[in-house]
Amino acid sequence: MKDQGRSARKRTGGRLKHASNKKRHQLGREPAETTVGETRLQYIDARGTDKKVRALSTNVAQVADDGEVSEAEIENVVDNPANVNYARRNIVTKGAIIETSAGRARVTSRPGQTGQVSAVLLD
C-alpha cells in the first residue's frame, strides 16, 4: 500500500472530489515480507525521533507456552492466511502458522514493524 490518503469513494459509492494533492506524510512504504533465513534487520526512520526495526529475514522466534517463553528456531511456514503464496515463499507475517523446533506456533507479532517474531504454541 503506497498511498494512505482518504478513499476516492463515498460510503454510498459515489466519487469524491480531491481537495488537495497527495502529501508526503500520506505515503506508505513497501511491505517488509520477512522471510525464513539468516537474521537481517533494517532500521528506518519513523515519525518524530523514533526508529523502526524491520526484520527482512529471521530464523529465531520467541515461543510462548502456558506463560513460559523460550527461543526456538523457525524451520518453515506451514500456513499464512494473509496470502496463499506467502506459505510457499516462506514469508512470515502476523497470524502465520510456523513450524519451529518447539512445535507448530502462530505468530502474534508483526516482524516487519517490530523486528522480531513472537509466537504462541498450538496444541
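Residues numbered from 1 in each chain as written. Predicted model: local features only at pLDDT ≥ 70, side-chain atom pairs only at ≥ 80, totals over all residues. Heavy atoms only, no water.

1. Overview of the overall build of the protein
Argument step 1. A count of helical and extended segments in the protein gives 2 helices and 9 strands.
Argument step 2. Helices (α) and strands (β) of the protein occur, in sequence order from the N terminus, as β-β-β-β-β-α-β-β-β-α-β.
Argument step 3. A compact globule built from 123 residues would reach a C-alpha radius of gyration of about 14 Å, whereas the protein, at 18 Å, exceeds it by more than 25%.
Argument step 4. Principal axes of the C-alpha set define a box for the protein whose edges measure 55 × 35 × 30 Å. (Helix = DSSP H or I, 4+ residues; strand = E, 2+ residues; numbered from the N terminus. Rg over C-alpha atoms; globule rule 2.2 N^0.38 Å.)

2. Re the sheet that holds strand E9 (residues 117-121)
Argument step 1. Spatial strand order, E4-E5-E7-E8-E9: 5 strands in a closed barrel with mixed pairing. The average angle at which neighbouring strand axes cross in this sheet is 50°, direction not considered.
Argument step 2. Sheet analysis places strand E4 (residues 60-65) next to E9, joined by 4 bridges and oriented parallel. What sits directly across from Gln62, in E9, is Ser118. (Pairing = 2+ DSSP bridges. Axes fitted to C-alpha atoms, helices over the stretch in contact; angles between N-to-C directions.)

3. A closer look at the environment of Glu30
Argument step 1. Topologically, Glu30 is positioned in the segment before strand E1 (34-36).
Argument step 2. Separated by 92 residues in the primary sequence, Glu30 and Leu122 place their C-alpha atoms 31 Å from one another.
Argument step 3. Among residues more than four places away in sequence, those in contact with Glu30 are Lys2 and Arg54. (Contact = heavy atoms within 4.5 Å.)

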